[in-house]
Amino acid sequence: MAKSETAAAKEWITGLAPGTWFWSRDIPGHPKIAGPVLSRLHADEASGVWKVARGLYWRGFPEGHDYFRLWPDYEVGALLLAGPGAGLAGWSALHSLMWTLQRPVKGFVSALGRPPVPPDPTIVYKPSRNKRRADLNWTEVTVLEALGLFWVTEEPWHECLEGVRNSLYAERLRWDPTIRPEKLQWAAEAEEGVTVETLHRVGEIVQVVSASAEAA
């Protein structure tokens, strides 16, 4: 007997690996079927399915798993909600790159244009007007944000640059740490209030990233 659309939708959701983000629109089948299934799973704590924002869900860890009741990473959820041009901002950017040891109480996320409603009270959006950021990934935007606040860090620049050189920040970021030199430099030139010193630092990052790519 063929599976019902309801059973198929539930199987698709619960078949996702724990820690997977997904949109309700990704679920196979008619939206009128997926909606009630998601509502039931979200209401059932044992399922480990979290509704983070309208249309955005996190396949968490079901009952019986060692990480059961572990909540989603709201910074990542906020980045997904922000869409193209998003990245960590402010102290979150500095901390994620290990350019400061001070961990912010709240997560700061940069959003291009008008930001969405934060997925959690622990998240603060910081809007950006640099439209070139739309072509950047989260890591590249995070680097720009960190550079804009570099003057408050306690780490010397050569150590921050060494961190980039050795990709020490890769395990701190929860996503692909790729930096594309030409994209980073192009977007940096359009940053609001950009200084010659900042562009010089971007140039140094571009050099070390390019050198690392050639050596790989």
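Our subject is the structure listed above.
In what follows, the accompanying structure is described.

Next up on the list: the packing of aromatic side chains. Going through the model one piece at a time under the given rule, you end up with ten aromatic pairs. On the basis of an interplanar angle of 90° and a centroid distance of 5.2 Å, the ring pair of W138 and W175 is categorised as edge-to-face. Of this pair, W138 sits in helix α5 (residues 138–148) while W175 sits in the loop between α6 (157–165) and α7 (181–188); the two residues are 37 residues apart in sequence, bridging distant segments of the chain. Residue W138 shares its accessibility class with W175, and that shared class is buried.

Strand order in the open sheet formed by three strands is β4-β5-β6, with mixed pairing between adjacent strands. At either end of the open sheet lies a strand with only one pairing partner, and these are β4 (87–88) and β6 (123–128). Pairing of strand β5 (residues 107–112) with β6 involves six bridges; the strand directions are parallel. Pairing of A111 across the sheet is with P127, part of β6. Across the sheet, helix α3 (residues 74–82) lies against β4, β5 and β6, angled at about 10° from β5, the strand it touches most.

Definitions and limits used
Residues numbered from 1 in each chain as written. Predicted model: local features only at pLDDT ≥ 70, side-chain atom pairs only at ≥ 80, totals over all residues. Heavy atoms only, no water. Phe/Tyr/Trp six-rings, centres within 6.5 Å; stacked < 30°, edge-to-face > 60°. Helix = DSSP H or I, 4+ residues; strand = E, 2+ residues; numbered from the N terminus. Buried < 20%, exposed > 50% of the residue type's maximum accessible area, 1.4 Å probe, protein only. Pairing = 2+ DSSP bridges. Contact = heavy atoms within 4.5 Å. Axes fitted to C-alpha atoms, helices over the stretch in contact; angles between N-to-C directions.

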